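Chain by chain, the residues run as shown.
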Amino acid sequence: MFELTGFQRDLLYVIAGSDRPSGQEIKERIGKDVGEVNHGRLYPNLDALVEEGLVDKGQQDRRTNYYTISEEGQRAIHERREWEDQYVSLDE
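What counts, and at which threshold
- Residues numbered from 1 in each chain as written.
- Predicted model: local features only at pLDDT ≥ 70, side-chain atom pairs only at ≥ 80, totals over all residues.
- Heavy atoms only, no water.
- Helix = DSSP H or I, 4+ residues; strand = E, 2+ residues; numbered from the N terminus.
- Patch = residues over 30% accessible without salt bridge, like charges linked within 9 Å, V, L, I, M, F, W, Y side chains within 5 Å.
- Areas by Shrake-Rupley, 256 points an atom, 1.4 Å probe, with all protein chains shown as cover.
- Salt bridge = Lys/Arg side-chain N within 4 Å of Asp/Glu carboxyl O.
- Lys, Arg positive; Asp, Glu negative; His and termini not counted.
- Charge placed at Lys NZ, Arg CZ, Asp CG, Glu CD.
- Phe/Tyr/Trp six-rings, centres within 6.5 Å; stacked < 30°, edge-to-face > 60°.
- Lys NZ or Arg CZ within 6 Å of the ring centre and 35° of its normal.
- Buried < 20%, exposed > 50% of the residue type's maximum accessible area, 1.4 Å probe, protein only.
- Pairing = 2+ DSSP bridges.

Looking now at unusual backbone geometry. Leave glycine aside and you will find that most residues have negative phi; peptide bonds, for their part, are mostly trans. A positive phi angle is found at Arg20, which is not glycine, with a value near 50°. Considering the arrangement of structural elements, one finds Arg20 in the loop between α1 (6-16) and α2 (23-34).

Below you can see the structure in the form of structure tokens.
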């Protein structure tokens with residue numbers, strides 16, 4: 001996950017917490033937290049996550065794709081959270 005941008009990590013987390021979201025749904029969800037996200041930023045980053053094997057892309061209908069977290073993506077999130085826990089403790 002260290003090679004991903006912060007935006008790509010955020011996309012990965014949004015996808016992991018959703019049930020087969022479309023690109024538009026991802027755009028709306030992440031936009032609530034980071035502000036307006038245009039297509040030119042969103043879809044190349046989603047494609048990069050697919051190419052990295054962290055996200056799987058499927059076709060909902062002729063015009064709409066959906067995205068799901070892959071096993072590799074789940075593993076990457078788990079490993080990232082373990083790494084973060086070394087440095088940040090919420091118990092204190």
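This part covers a negative patch on the surface. Residues Glu3, Glu51, Glu52 and Glu72 make up a contiguous surface patch of negative charge. Along the chain, Glu3 turns up in the segment before α1.

Turning our attention to the packing of aromatic side chains. Enumeration over the complete set of coordinates arrives at 2 aromatic pairs. Measuring from centroid to centroid gives 5.0 Å for Phe2 and Trp83, while their planes differ by 85°, and the two rings are edge-to-face. One end of the pair, Phe2, is in the segment before α1; the other, Trp83, is in helix α4 (residues 71-87), with 81 residues separating them in the sequence. An aromatic cluster is present here, built from Phe2, Trp83 and Tyr87 joined pairwise through their rings. Here the basic side chain of Arg20 rests over the ring of Tyr66, its NZ or CZ set 3.8 Å away from the ring centre.

Evaluation of the coordinates by the stated rule reveals 3 salt bridges. Between Asp47 and Lys57 there is a salt bridge whose closest N-O contact spans 3.6 Å. Of this pair, Asp47 sits in helix α3 (residues 39-51) while Lys57 is found in strand β1 (residues 55-59), placing the two residues 10 residues apart along the sequence. Here Glu84 and Arg80 are joined by a salt bridge, their closest N and O atoms 3.1 Å apart. Of the two residues, Glu84 and Arg80 are both situated in helix α4; the distance of 4 residues between them amounts to about one turn of the helix. Residue class for Glu84 comes out partly exposed when judged on its relative accessible area of 30%.

With that out of the way, let us pick up the pairing of β1. By the bridge criterion, 5 bridges tie β1 to strand β2 (residues 65-69) in an arrangement that is antiparallel. Bridge pairing links Gln59 to Asn65 in β2. Here β1 folds back onto β2 in antiparallel fashion, the turn holding 5 residues.

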